[in-house]
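# Coordinates in review
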Amino acid sequence: MKRNKNVAILLFRVSIPFTMLIYGIDKITNGTGFIGSLLDAYNLPSFLVYGVFIGEIVAPLMLLLGYRSRLAGLLFAFNCLLAILMAQIQHIFTLNQYGGWTLDLLFIYLVAGVAFYFSGAGKHAISTSHAWD
């Protein structure tokens, strides 16, 4: 069987960002109150709440389209790292009710973002000629 790394990258570029995009859409429809309260707890400026839209809307859309995927991967990973550090750090060594790691999904997203940085968009993308692609 012939291997096709570009199809594999495309599958990941569609599935991982799509699932993150759902979180961003939820924040558009239901607000960012939780993020705002986290920023308050860390004494950070409230305007930073809009950064969540970069990590959960803009970066996933860039990845879905294959536009500057390396940059989008870094933004994606940074968003997940901040989520872990600001909202989930207390769960870093805990298991969920089913015996899985509490941070499994966030960790998968973080590693996927880093992987997108290293892999780029692959052949099936809008742009593949920039330094950040």
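Just above, that's the structure.
## Things to note about the environment of aspartate 26
If you trace the backbone, aspartate 26 turns up in helix 1 (residues 5-30). Relative accessible area serves as the criterion here: at 39%, aspartate 26 is assigned to the partly exposed category. Along the backbone, aspartate 26 and glutamate 56 are 30 residues apart, and their C-alpha atoms lie at a distance of 9.8 Å. Here asparagine 30 takes part through its side chain, which lies 2.5 Å from a polar atom of the side chain of aspartate 26.

## Structural notes on the environment of phenylalanine 118
For phenylalanine 118, the position within the fold is in helix 5 (residues 104-119). Judged by relative accessible area, which is 61%, phenylalanine 118 ranks as exposed. Here the alpha-carbon distance between phenylalanine 118 and valine 14, two residues 104 residues apart in the chain, equals 17 Å.

## Notes on the side chain of glutamate 56
Secondary-structure assignment places glutamate 56 in helix 3 (residues 51-65). A polar side-chain atom of glutamate 56 sits 3.0 Å from a polar atom in the side chain of lysine 27. Residues within four places of glutamate 56 in sequence aside, it is in contact with Met20, Leu21, Tyr23, Gly24, Lys27 and Asn79.

## Things to note about helix 5
End to end, helix 5 covers 22 Å across 16 residues, agreeing with the expected 22 Å (1.5 Å per residue, within 8%). Each element contacted by the buried residues of helix 5 is listed here: helix 1, helix 3 and helix 4 (69-88). Count one or two residues on from helix 5 and you reach glycine 120, which has phi positive near 75 degrees.

## A closer look at the packing of helix 4 against helix 5
At a minimum axis distance of 7 Å, the contact between helix 4 and helix 5 shows a crossing angle of 155 degrees. Looking at the two axes, helix 4 sits roughly antiparallel to helix 5. Relative to helix 5, helix 4 is oriented so that their crossing is left-handed. Along its contact with helix 4, which presents Ser69, Arg70, Gly73, Leu74, Phe76, Ala77, Cys80, Leu81, Ala83, Ile84 and Gln88, the element helix 5 presents Leu106, Phe107, Tyr109, Leu110, Gly113, Val114, Phe116, Tyr117, Phe118 and Ser119. Tallied by class, the residues present in the contact of helix 4 with helix 5 amount to 15 nonpolar, 5 polar and 1 charged.

## Details of the packing of aromatic side chains
Applying the stated criterion across every chain yields a total of 5 aromatic pairs. When the centroid spacing of 5.1 Å and the interplanar angle of 70 degrees are considered together, the rings of tyrosine 117 and phenylalanine 118 count as edge-to-face. The exposure class of tyrosine 117 is partly exposed, given its relative accessible area of 31%. Among the aromatic side chains, those forming a connected cluster through ring pairs are Tyr23, Phe76 and Tyr109.

Criteria and thresholds
Residues numbered from 1 in each chain as written. Predicted model: local features only at pLDDT ≥ 70, side-chain atom pairs only at ≥ 80, totals over all residues. Heavy atoms only, no water. Helix = DSSP H or I, 4+ residues; strand = E, 2+ residues; numbered from the N terminus. Buried < 20%, exposed > 50% of the residue type's maximum accessible area, 1.4 Å probe, protein only. Polar contact = N/O pair within 3.5 Å; in protein donor to acceptor, adjacent residues only side chain to side chain. Contact = heavy atoms within 4.5 Å. Expected span 1.5 Å × (residues − 1). Axes fitted to C-alpha atoms, helices over the stretch in contact; angles between N-to-C directions. Parallel < 35°, antiparallel > 145°, perpendicular 65-115°, else oblique. Left-handed = near helix turned anticlockwise from the far one by under 90°. Nonpolar A, V, L, I, M, F, W, Y, C, P; charged D, E, K, R; others polar. Phe/Tyr/Trp six-rings, centres within 6.5 Å; stacked < 30°, edge-to-face > 60°.

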